[in-house]
Amino acid sequence: MKYSGWPEPGELVVGKIDEIEDFGVFVDLDEYEGKRGLCHISEVASGWIKNVRDHVNEGQTVVAKVLDVDESAQQIDLSIKDVNDHQRKEKIQEWKNEQKADNWMELAFGEDLDDETYAAIANELLSEFGSMYDGFESAAIHGKDALEDVDLSEEEIDAIVQTARNNVSVPYVQVTGYVDLSCPESDGVDVIKEALQAAEGNGEVPDEIELEVTYVGSPEYRVQVQAPDYKTAEDALEESADRAAKVVEQHGGSGQFHRERSEEDE
């Protein structure tokens, strides 16, 4: 997606060097439709520069900082030297992510999607998530719930969610904990089974969470949770153990959650 407006001073932009002169280089901005900036020789690299071509090449993709924008003169002043390595890598990754999102839009809505409809959908994602990529990633993790506040049709939401889940590689984290379950009643075995079903969520675990409970050794059970982030994973882990503990406690038993094994593996 290319923006139709102008970049803001201080913004980092990605562009391709399309012309080199003795006084500086011209950069075609990849993110802005029909926009071209000038990086003066003094802003290409630190120190004295004898030959600009010793530092940059035509066709090279660069990250530059916007120094000034003069819309009336159709001029954008850029600096390449003011961008450090961390900023450069971060911006390039962001740019690559948006290129992926652009491809996902085509997969979701077809190659013949008109510019007006594309812009309307993209702007809704940008408004809600800050970027199209983050919108697709959230849809991959949370499904339709992620898009409930976005002003899109049911068909458009379905297309985004389906495409996201087929194409977005979601980062996941995994956490592990343990819960000790015991019940002295005569039907204690059945109570423990019920507690384990409760620990697994009774089929009501959110789609973005994978939860597994396995037997370790009486009275200990391992709870493993995979989720998009640590807070979600930790919350799901503790909630799983709490559900199990409540079941056995209601039947006169006891349940205790802990993060480390109580006993060494045999």
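Everything here concerns the structure above.
Note that the structure is predicted; figures quoted are calculated from it, not measured.

> In this structure, what is going on with a negative patch on the surface? I would like to understand it.
A cluster of acidic residues, Glu33, Glu106, Glu111, Asp112, Asp114, Asp115 and Glu116, forms a negative patch on the protein surface. Tracing the backbone through its elements, the reader meets Glu33 in the loop between β2 (24-29) and β3 (36-40).

> Even after reading the chapter, I still don't get the sheet that holds strand β4 (residues 61-70), so can you show me in this structure?
Sheet strands line up and pair through hydrogen bonds in the backbone, either parallel or antiparallel. Taking strand neighbours around the barrel as the criterion, the 5 strands line up as β1-β2-β3-β5-β4 in a closed arrangement whose pairing is mixed. Strand-to-strand, the axes of this sheet are offset by a mean angle of 50°, without reference to chain direction. Sheet topology note: the β3/strand β5 (residues 75-79) ladder contains 2 bridges and is parallel. Residue pairing across strands places Leu38 opposite Asp77, the latter belonging to β5.

> Hey, could you run me through helix α2 (residues 115-129) in this one?
Note that an α-helix has 3.6 residues per turn; residues three or four places apart therefore point the same way. In this model, α2 (15 residues) spans 21 Å end to end at C-alpha, consistent with the 21 Å of a helix rising 1.5 Å per residue. Along α2, the residues classified as buried are Tyr118, Ile121, Ala122, Leu125 and Leu126. Each buried residue of α2 sits inside an arc of 140° when the element is viewed along its axis, so together they form one side. Opposite its buried face, α2 presents the exposed residues Glu116 and Ser127, each directed more than 90 degrees away. Against the buried residues of α2 lie α1 (85-109), α3 (132-142) and α4 (154-167). The opening residue of α2, the one whose side-chain oxygen lies 3.2 Å from the backbone nitrogen of Glu116, is Asp114.

> For this particular structure, what's the right way to read the side chain of Asp180?
Relative to the elements of secondary structure, Asp180 occurs in strand β6 (residues 173-182). A polar atom in the side chain of Asp180 sits 3.0 Å from the side chain of His258. Setting aside residues up to four positions removed in sequence, Asp180 forms contacts with Pro219, Glu220, Ser254, Gly255, Gln256, His258 and Ser262.

What counts and how
- Residues numbered from 1 in each chain as written.
- Predicted model: local features only at pLDDT ≥ 70, side-chain atom pairs only at ≥ 80, totals over all residues.
- Heavy atoms only, no water.
- Patch = residues over 30% accessible without salt bridge, like charges linked within 9 Å, V, L, I, M, F, W, Y side chains within 5 Å.
- Areas by Shrake-Rupley, 256 points an atom, 1.4 Å probe, with all protein chains shown as cover.
- Salt bridge = Lys/Arg side-chain N within 4 Å of Asp/Glu carboxyl O.
- Lys, Arg positive; Asp, Glu negative; His and termini not counted.
- Charge placed at Lys NZ, Arg CZ, Asp CG, Glu CD.
- Helix = DSSP H or I, 4+ residues; strand = E, 2+ residues; numbered from the N terminus.
- Pairing = 2+ DSSP bridges.
- Axes fitted to C-alpha atoms, helices over the stretch in contact; angles between N-to-C directions.
- Expected span 1.5 Å × (residues − 1).
- Buried < 20%, exposed > 50% of the residue type's maximum accessible area, 1.4 Å probe, protein only.
- Arc of directions from axis to C-beta.
- Contact = heavy atoms within 4.5 Å.
- Polar contact = N/O pair within 3.5 Å; in protein donor to acceptor, adjacent residues only side chain to side chain.

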